[in-house]
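What the coordinates show
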Amino acid sequence: MKIAVLVSGNGSNLQALIDAQLAQHCSGTIVGVISNKADAFALQRAKQANIETQVIEHKVYPTREVFDDAMHQQLLEWEVELVVLAGFMRILSEKFVRAWEGKMINIHPSLLPLYKGMHTHQRVLNTGDVFHGCTVHYVTAELDAGPALLQGVLQVHQHDNVETLAKRVHELEHVIYPQVVEWICNQTIQHQAGQAFYKGQPLLKPLQLCQM
Ligand code: GRF
């Protein structure tokens, strides 16, 4: 399966996917990385791994739709079958999302449907939640709301702060994202008509990996 990864920043999740591929834990191939920022460190990671990169800067395009079209064309050129959003900090147009529905996944640093959007660690601390984590989900037009596939769950410790939670959630992300990508590549997870399936059965709630 040909995979493209869309990034905007550090790219530690991209690195986890590259590492999984190098360790032959991934039957897919990352054929290209697109960044909307020319200085994203993720681009260095891709180059280091000899993966083709494209910088498609949103700020040089007149509208979101034209920017998304440029990405769409690149993805078609690479014959991409799975789009992996890994810290890609742009909201995608409905047209783009529809074109890739069932073929595009995202990772979000919360136990969705809790805490869509930004500042998830702070919001967890403010609420005093006992559990926190991250979610891999299919992307739909509504932000952070598509069918959830796998969650990494951790227990919030008394001494946790935003930094420690961010670090612990990131570590979990690096485990669950390559796992989901592999499940999609080997068809353990499939998508049909807006619904996710795991081993042929409808996935009504996400699978969970708990790290206490
Ligand atoms: C991750 O926390 C992910 O959940 C969110 O963006 C962050 C990306 O981190 N969508 P990195 O660039 O992969 O290090």
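Keep in mind that what you see is a predicted model, and the values were worked out from it rather than measured.

Our next topic: the sheet that holds strand S8 (residues 189-192). Read across the open sheet, the 3 strands follow the order S8-S9-S10; overall the sheet is antiparallel. On the outer flanks of this sheet lie S8 and strand S10 (201-202), each paired with one strand and no other.

You can see Gln192 is positioned in strand S8. Considering only alpha carbons, one finds Gln192 and Ile91, 101 residues apart in sequence, at a separation of 24 Å.

What follows is about the pairing of strand S4 (residues 82-85). Neither face of S4 is left uncovered, since the one carrying Leu82 and Val84 and the one carrying Val83 and Leu85 both have all their residues buried. In terms of strand pairing, strand S1 (residues 2-7) meets S4 through 4 bridges, oriented parallel. Bridge pairing in S4 places Val5 opposite Val84. Bridging between S4 and strand S5 (residues 104-108) involves 3 bridges; their strand directions are parallel. Looking at the pairing, Val84 lines up with Ile105 of S5. Between the parallel pair S4 and S5, the chain is carried across by helix H4 (residues 94-99), and the sense of this crossover is right-handed.

Attention now moves to the sheet that holds strand S7 (residues 148-155). Spatial strand order, S3-S2-S1-S4-S5-S6-S7-S11: 8 strands in an open sheet with mixed pairing. Across the chains shown, the open sheet's two edge strands, defined by having one partner strand only, are strand S3 (53-55) and strand S11 (207-211). If you compare each strand with its neighbour and ignore which way they point, the axes differ by 20 degrees on average. With 4 bridges joining them, S5 and strand S6 (residues 131-138) adopt antiparallel strand pairing. Looking across to S6, one finds that Ile107 is bridged to Val136.

Partitioning the chain into structural domains gives domain 1 (1-100) and domain 2 (107-177 + 189-207). Here the C-alpha centre of domain 2 lies 21 Å away from the C-alpha centre of domain 1. Every contact between the two is made by 10 residues of domain 1 and, on the other side, 9 residues of domain 2. In terms of surface lost to domain 2, no three residues of domain 1 exceed Asn13, Leu85 and Val97, which account for 47% of the buried area on that side. Along the contact surface separating domain 1 from domain 2 lie 0 salt bridges. Linking domain 1 with domain 2 are 3 residue pairs in polar contact (both at pLDDT 80 or more). If you list the elements that add at least two residues to the side of domain 1 that touches domain 2, you get helix H1 (12-22), S4 and H4. Considering each element in turn, the side of domain 1 that touches domain 2 owes the most residues, 4 residues, to H1. For the side of domain 1 that touches domain 2, the class distribution of residues is 7 nonpolar, 2 polar and 1 charged.

Each value, and the rule that gives it
Residues numbered from 1 in each chain as written. Predicted model: local features only at pLDDT ≥ 70, side-chain atom pairs only at ≥ 80, totals over all residues. Heavy atoms only, no water. Pairing = 2+ DSSP bridges. Helix = DSSP H or I, 4+ residues; strand = E, 2+ residues; numbered from the N terminus. Buried < 20%, exposed > 50% of the residue type's maximum accessible area, 1.4 Å probe, protein only. Right-handed = clockwise from strand over helix to strand, strands pointing away. Axes fitted to C-alpha atoms, helices over the stretch in contact; angles between N-to-C directions. Domains from an automatic or database assignment. Contact = heavy atoms within 4.5 Å. Buried area = accessible area lost by both parts, 1.4 Å probe. Salt bridge = Lys/Arg side-chain N within 4 Å of Asp/Glu carboxyl O. Polar contact = N/O pair within 3.5 Å; in protein donor to acceptor, adjacent residues only side chain to side chain. Nonpolar A, V, L, I, M, F, W, Y, C, P; charged D, E, K, R; others polar.

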